[in-house]
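Structural description and commentary
The primary structure of each chain is shown beneath.
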Amino acid sequence: MAYSAKIGPSILSSDLSQLGAECRRMMECGADYLHLDVMDGHFVPNLTFGHPMVECLRSAVGPDPFFDMHMMVSRPEQWVKPMAAAGANQYTFHLEATTNPGNLIKEIRESGMKVGLAIKPNTTVEELAPWAGQIDMALVMTVEPGFGGQKFMEDMMPKAGANMIVSGSAVVSSDDPRAVIALLKDVVLEAIQKRFLDR
Ligand SMILES: O=C(CO)[C@H](O)[C@H](O)COP(=O)(O)O
């Protein structure tokens, strides 16, 4: 059986004034996709950027890089169409930010994007489970959302048998991002294979 592990650098800790170049650099270093952190100052105490920036980024990097939008915003419904029009590939919203996840999943699909569903550290996987069959990716957060470079919460590990890994500062701030991405991929692949062999 072929197993896959995908690494998606978060650009949160990169030089945001050079975002196009930073995204291209990550793709050249072996990133499988790009994790773009959208923060609105309400759902999290930080601000980043919105769909106008995503549209510019899409022009800067071309059609190929897969943009996973991590929407750390309090009303995720309002940005679905603008993000799709700007060139986002996947719309990852927070379960804690909506009262109607089913409707939002439907809207995201109708807009032509894949669906990601994120949970904060205090939200259980049991709360996410009812939606598992309708989504393309579950994002189990291992830090409180809002800032890059925080300490990894090891107690989140029992929640996740992960095959897509988001890593920000460790990749972006490294002198050798290519080596870090390759290492992450190897370690995750090995863990996935071991898990299947142990079954
Ligand atoms: O979602 C995020 C913060 O809310 C970041 O994308 C995530 O924390 C990755 O960055 P780092 O590896 O630096 O922690």
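Counting starts from 1 at the beginning of each chain's written sequence and moves along it residue by residue. Local features in this predicted model are restricted to residues of pLDDT 70 or higher, and side-chain atom pairs are both shown and tallied only at a pLDDT of 80 or more, whereas totals for entire chains, interfaces and linings draw on every residue.

Our next topic: the environment of Gly50. Mapped onto the secondary structure, Gly50 falls in the loop between β2 (34-39) and α2 (51-61). Here the alpha-carbon distance between Gly50 and Leu36, two residues 14 residues apart in the chain, equals 9.9 Å. Helix numbers and strand numbers start at the N terminus; a helix is a DSSP run of H or I with at least 4 residues, a strand a run of E with at least 2.

Mapped onto this structure's residue numbering, the UniProt feature "binding site: a divalent metal cation" (unreviewed entry) falls at His35, Asp37 and His70. For the annotated residues, spread through 36 residues, the largest C-alpha to C-alpha distance comes to 6.7 Å, consistent with a single compact locus. Residue placement: His35 occurs in strand β2. Apart from residues lying up to four places away in sequence, His35 is in contact with Gly8, Pro9, Ser10, Asp68, His70 and Val166. Mapping His70 onto the fold places it in strand β3 (residues 67-72). Of the residues examined, His70 has 25 C-beta atoms within 10 Å and is grouped as buried. Those residues within four positions of His70 in sequence are excluded, and the remaining contacts are His35, Leu36, Asp37, Val38, Thr92, Ala118 and Leu139. UniProt positions are given in the numbering used here, feature names are shortened, and annotations may be inferred rather than shown by experiment. This entry defines residue contacts through backbone-placed C-beta atoms, with two residues in contact when those atoms are within 7 Å. Residue burial here comes from a neighbour count, namely the number of other C-beta atoms, placed from the backbone, that lie within 10 Å of the residue's own C-beta, with 20 or more meaning buried, 12 or fewer meaning exposed, and in between meaning partly exposed.

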